[in-house]
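The chain contents come next:
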Protein chains: 2
Amino acid sequence: MTTQEQLNQWQELAQQLRIDSIRATTVAGSGHPTSSMSSADLMAVLLSKYLHYDFDHPDNPNNDRFILSKGHAAPLLYSMYKAAGVISDQELLSLRQLGSRLEGHPTPVFPWVDVATGSLGQGLPIGVGVALAGKYLDQLPYNIWVLLGDSETAEGSIWEAFDHASHYSLDNLIAIIDVNRLGQRGQTELGWNTQAYANRAKAFGWQAIEIDGHNLTEIDQAFSAAVAVNDRPTVIIAKTKKGKGVKTLEDIGGWHGKALKAEQEQQAIAELGGERHITIAVDKPESQSQPAVLGVPQPLQLPTYKKDQKVATRRAYGDALLALGTSQPDVIVLDAEVSNSTYAEDFAEAFPERYFEMYIAEQQMIAAAVGLQVRKYKPFASTFAAFLTRAYDFVRMAAVSRANIKLVGSHAGVSIGQDGASQMGLEDLAAFRAVWNSTVLYPSDANQTAKLVAQMSDAYGKQSDRTGIVYLRTTRESTPVIYSSEEIFPIGGSKTLHRSHEDQATVIGAGITLHEALKAYERLKNEGIKVRVIDAYSVKPIDVQTLRQAAKDTNGNLIVVEDHWLEGGLGDAVLDAFAGNSSTHPYKGSQLQIIKLAVRDMPTSGTPEELLHAAKIDADAIVETVKLQVRQLVGVS
Amino acid sequence: MTTQEQLNQWQELAQQLRIDSIRATTVAGSGHPTSSMSSADLMAVLLSKYLHYDFDHPDNPNNDRFILSKGHAAPLLYSMYKAAGVISDQELLSLRQLGSRLEGHPTPVFPWVDVATGSLGQGLPIGVGVALAGKYLDQLPYNIWVLLGDSETAEGSIWEAFDHASHYSLDNLIAIIDVNRLGQRGQTELGWNTQAYANRAKAFGWQAIEIDGHNLTEIDQAFSAAVAVNDRPTVIIAKTKKGKGVKTLEDIGGWHGKALKAEQEQQAIAELGGERHITIAVDKPESQSQPAVLGVPQPLQLPTYKKDQKVATRRAYGDALLALGTSQPDVIVLDAEVSNSTYAEDFAEAFPERYFEMYIAEQQMIAAAVGLQVRKYKPFASTFAAFLTRAYDFVRMAAVSRANIKLVGSHAGVSIGQDGASQMGLEDLAAFRAVWNSTVLYPSDANQTAKLVAQMSDAYGKQSDRTGIVYLRTTRESTPVIYSSEEIFPIGGSKTLHRSHEDQATVIGAGITLHEALKAYERLKNEGIKVRVIDAYSVKPIDVQTLRQAAKDTNGNLIVVEDHWLEGGLGDAVLDAFAGNSSTHPYKGSQLQIIKLAVRDMPTSGTPEELLHAAKIDADAIVETVKLQVRQLVGVS
């Protein structure tokens, strides 16, 4: 039974959260006070009674986790931090200023923010990832609390999360939907029809509790019921008013994302009972347990392949992942129901407790990976390269979260053959290059794949750990092993497979096209034309030095060939190696003539060979282009 | 009441569809016979009794529409075409061969295929778009039938479709879920729990009917009930068996996406009762009505702006869209609940019957645009540039569908200011450049924006119609009008704003950075350094000729400055203008030194000016870079 005193304290705290949200946004001149105010009562009770969090030790594995899915309510979050005594009032008032930790939407520059939010519909699916870690990996009793806006439930990714949380019985996951009825531009789809939300959630297997989100007793009871349930996730559907507590704002349209002016601010603060100076001691977690031990690290024994054996790089990925999993108990694998194509299935069979099937829900898969790395696991997530485009916004936001995740796209390019264009990843290199702090790898043989997979996961010691988004592109078709298993392949490097003093041009390939380049080399050699052949397996960062040297050595004649659209892929990466930017000088050397061979027409079905030929990215096209270039038949433009 | 004779005919047809799906895939050596076989009974009844389609006139506006959301069941679709008498048995057996119309997954190379499928979870949301057209624009009584697999209901986009179809009371939309229990790699999440599907669908406001998908009478009754309902969409949840009818395949794992070998094929055909040669006359639509007339075309009166007035390009987009809507009654507008930020709201107010609010569901928004253009409307869809990444797979597939859609991303780049990184579109140019047959536009002033918006929609006559995906990037901040309203801005062109015989370098900008380039020009001129300034408003296609000439004229000194990540955007587009490809020769001229100024560190909150400066893409950075370059302080690498 809640005492009146408690209720009064919560009420006071809620008013402070409202006032501080208003104050911070008024000083900033922008931001979201009204979306903060609707959730203030919910957060006051959460912070005072239910959240168990050691603010001095954000890495305490027993901490509850709180994710502000409605990231635009950042002023509320920062006001909670002030109430918890971890930021000063002065810092609170630095909201949205250059250099402040208080950005317009939360980012992990704060030690208590695990993930960036602000692209709606992402907090709950990320919460699913953290909850998977808590229940199945850490095996610790912490809860994951996620505060959502009502508008964001229109995002399909929210329903992927509802689906997966139920499938995995995530009773440690508690979603709170702030149903304040008003979206950015008017009423939401469902308005205050909290029953419609509840019916949907129940149909997806959740406990659903409808409450008045400004009734502190109802909030208390709902949180109690959420914590008590032990077979399914809970969603609390809280009917609220945007701008609650201030008559000129409350449930009134046109106030989304608007700060109050100074006079309005003073009036609002007065109406809310004036400034408070409450600091509360947030409960620390009771449990002092350590995360479950998932295994004992062992020396890494990568698979090796004999030269000339034919092995698909996706097959080698599966083998290497299994080896990595054996060596590193913190490697966790996700796949979007194609594990028998990506070959994640071998890991899944060997380590079922560290494999999570994400079914055909790529957004949830990436979000789960982000959630898992919050708890310091090393997630590898795979599907067809084409289908990773489904989750591009999640990858973009993962970068803002400074998340360390490893993504693998199989079935890249026209060389997949008969399945046709819908299954061909032809934009993945462009998409992943344009992600902040990303690494993009594209191996051409099985030994190289294994070595790169190992580097994706810090196998060579902390110093070489790849942070950020690391993307590996694999090939469907079997290709000959060309490297010895002794070779090393540093990220940022390349391999020069043929080099002589008579090289008249340089052919740069990666993945499937490297094999076409090698075929072209032999044919050209037979015709007396020597070319340099470079394997650009590290697309980002690209090996600038080797490429510039090759240009100097081969009369500036460069041909890049890739199984990808003409834009944004390996060809553009090679061009970029010759440009300057704010930290690199442009190339200064011989006249450059770079020719990009890439896919330009919409592919169809056909055999891999037919399609490589039709796209003019096979050995025939390379031979022809080299001849044109070195014989100076390329005209002056 | 269904007669026994009808049932027998349907049964015979269903067996033929199964046999033909097997025959085609066996000849191809790959494909999906078993996923075709589970749906054969459903399709036999649909084709025989419920689908009203004039195969001779696929453009008949009264035609029902059929979308194979489970695109891998393409052999079934092609077998239906054979049964309908529109393709020969010989063509059927060309499945998956180079040059055949029968690709591994359906594409609109067939006149009867409206949209490509094969990326799961897209057929139903596209169906929502066609249904919106049918009910609210065409106002014709046709139905939209969508056949889904059960696995693809894990995609959030399916639930965006369930949500929107219900919100818009799309009683002309009928979804059929083939619940064959087996996904690619094992059992689906919900198995044969058809009730779980039904509960979810009902909670989203649909009529849901559970049936045995091999019971022809139940199928008939369900289709009848679906056609009869007139207040909501219907989903038929059909419990089926994968590989139905052949003992060695039926409900047996490991058969996904596998063709039968020749002996297996013969045995299966025998078990299915041997080859049939049934051709059926598919009913034509009864209605001979024409689509509703939405308005009378009028001459286009674009908004005009006075020089030096400060107008955001997003504001000009809203104005131009309103003008376009007034002129062209077939322009339809969609927005993802940010119409007051993108300024699509002015169109929405003027033409509410041609505006569809898509709420925060970007995937559904793009899918609806694809559906609307199936019915020859001209959809414009807008949201923040950052959030279009949410729908990248839908844009990718729209290109495979050869769809003509116009997309607008506002709030691009760090120049949005205080909201922070989550709201900044910094990868949109890279993403849209890497879309087949796309056009990418990025205006810098209001008059230019208006002229480009007009060209997006064929305002200058059929010859200049932009087909494919056309993307326009707009800016949040107000910027000075620099062009007269008389100027023209051809797609593929550029504007040279400053040019002299003494130009020592060329600065290329677009959008917000063009204004920084102009400021830099003035400052450099005061210091005695003349630079050429080019507005590259057409990012794809880029103005190769003007850029190459500028390089020749300005000692090869080029500086590209953009409010976008370093990879894949304007900088890479400019680099590409100097490369060759299979149809263009590389640049041959003076030594090139191209420097790319772009966003490299993760941005934070701050004022637009502060953030442009911090990213080193403002006038200061341009001035400094030009000086380094023209003074030859740029080192030899």
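Numbers given to residues run from 1 along each chain, matching the order in which its sequence is written. As a convention, the first chain written is A and the first ligand written is 1, with the rest following in written order. Predicted model: local features are reported for residues with pLDDT of at least 70 only, side-chain atom pairs are reported and counted for 80 or more only, and whole-chain, interface and lining totals are derived from all residues. Side-chain measures here rest on the full set of heavy atoms in the structure, leaving out hydrogens and waters.

*Asks:* Any chance you could explain unusual backbone geometry here in plain terms?
*Replies:* Across residues other than glycine, the phi torsion is negative in most instances, and most of the peptide bonds are trans. In this chain, A:Lys540 is followed by A:Pro541 through a cis amide linkage whose omega measures 0°. Each helix is a run of DSSP H or I of at least 4 residues and each strand a run of E of at least 2, with the numbering of both proceeding from the N terminus. With respect to the helices, strands and loops of the structure, A:Pro541 is situated in the loop between strand 17 (538-540) and helix 20 (544-553). The residue B:Tyr343 is not glycine, and still its phi comes out positive at about 70°. Position of B:Tyr343 relative to the elements: it lies in the loop between helix 12 (339-342) and helix 13 (345-350). Even without being glycine, B:Asn555 reaches a positive phi, approximately 60°. Looking at the secondary structure, you find B:Asn555 in the loop between helix 20 (544-553) and strand 18 (557-565).

*Asks:* Explain the interface of chain A and chain B here, please?
*Replies:* Taken together, the 112 residues of chain A in the interface contact 112 residues of chain B. At the boundary of chain A with chain B, total buried surface from both sides reaches about 9800 Å², with 50% on carbon and sulfur atoms. A simple way to read buried area is as the amount of 1.4 Å-probe accessible surface that goes missing from two parts once joined, with both sides added. Summed over the three residues of chain A that lose the most area to chain B, namely A:Glu189, A:Arg390 and A:Lys588, the buried surface amounts to 9% of that side. For this document, the term salt bridge refers to a Lys or Arg side-chain nitrogen within 4 Å of an Asp or Glu carboxyl oxygen. In this structure, the connection of chain A to chain B is made through 16 salt bridges. In this structure, A:Glu155 engages B:Arg390 in a salt bridge whose closest nitrogen and oxygen atoms are separated by 3.7 Å. Here a polar contact means two N or O atoms within 3.5 Å. Within protein one must be a hydrogen donor candidate and the other an acceptor candidate, and residues neighboring in sequence count only if both atoms are side-chain atoms. Summed over the shared surface of chain A and chain B, the number is 62 residue pairs in polar contact (both at pLDDT 80 or more). Residues belonging to the side of chain A that touches chain B are distributed by class as follows: 38 nonpolar, 43 polar and 31 charged. The pairing of strand 19 (residues 580-581) of chain A with strand 19 (residues 593-599) of chain B spans two bridges and is classified as parallel. The residue of strand 19 of chain B that forms the bridge with A:Asn581 is B:Lys596. The contact definition used throughout considers only heavy atoms, calling two residues in contact when any of these lie within 4.5 Å. Under the convention adopted here, Pro, Cys and the residues Ala, Val, Leu, Ile, Met, Phe, Trp and Tyr are nonpolar, Asp, Glu, Lys and Arg are charged, and Gly plus all remaining residues are polar. Note: two strands are recorded as paired if DSSP finds a minimum of 2 bridges between them.

*Asks:* I tried to follow the packing of helix 1 (residues 4-28) of chain A against helix 10 (residues 262-271) of chain A on my own but got confused; where do I start?
*Replies:* Angle between the axes and distance between the axes are the two parameters that describe a pair of packed helices. All names here are of chain A. At a minimum axis separation of 10 Å, helix 1 and helix 10 run at an interaxial angle of 170°. Put simply, helix 1 runs roughly antiparallel to helix 10. Here Ile19, Ile22, Arg23 and Thr26 of helix 1 come into contact with helix 10, specifically with Ala262, Glu265, Ala268 and Ile269. In the contact of helix 1 with helix 10, the residues fall into five nonpolar, one polar and two charged. Only the stretch in contact is used when a helix axis is fitted, and all axes are lines through C-alpha atoms; the angle between N-to-C directions ranges over 0 to 180 degrees. Roughly parallel here means an angle under 35 degrees, roughly antiparallel means over 145, roughly perpendicular means 65 to 115, and every remaining angle is called oblique.

*Asks:* Help me understand the pattern of salt bridges, please; the structure alone is not making it clear to me.
*Replies:* Within the structure shown, the criterion is met by 78 salt bridges over all chains. When the shortest N-O distance is used, the salt bridge between A:Asp393 and A:Arg396 registers 2.8 Å. Taken together, the residues A:Asp393 and A:Arg396, both in helix 16 (residues 392-400) and three residues apart, mark about one turn of the helix. Just as A:Asp393 is buried, A:Arg396 falls in that class too. Two residues, B:Asp171 and B:Lys135, come together in a salt bridge whose shortest N-O distance is 3.5 Å. A residue pair is termed long-range when its members are at least 10 positions apart, and B:Asp171 in the loop between helix 7 (156-167) and strand 3 (173-179) and B:Lys135 in helix 6 (residues 123-138) qualify at 36 residues. The class of B:Asp171 is buried, set by a relative accessible area of 17%. One salt-bridge network, in which partners are shared between bridges, spans A:Asp20, A:Arg23, A:Lys82, A:Asp89 and A:Glu275. Throughout this description, buried means an accessible area under 20% of the type-specific maximum (1.4 Å probe, protein chains only), exposed means over 50%, and partly exposed covers the range between.

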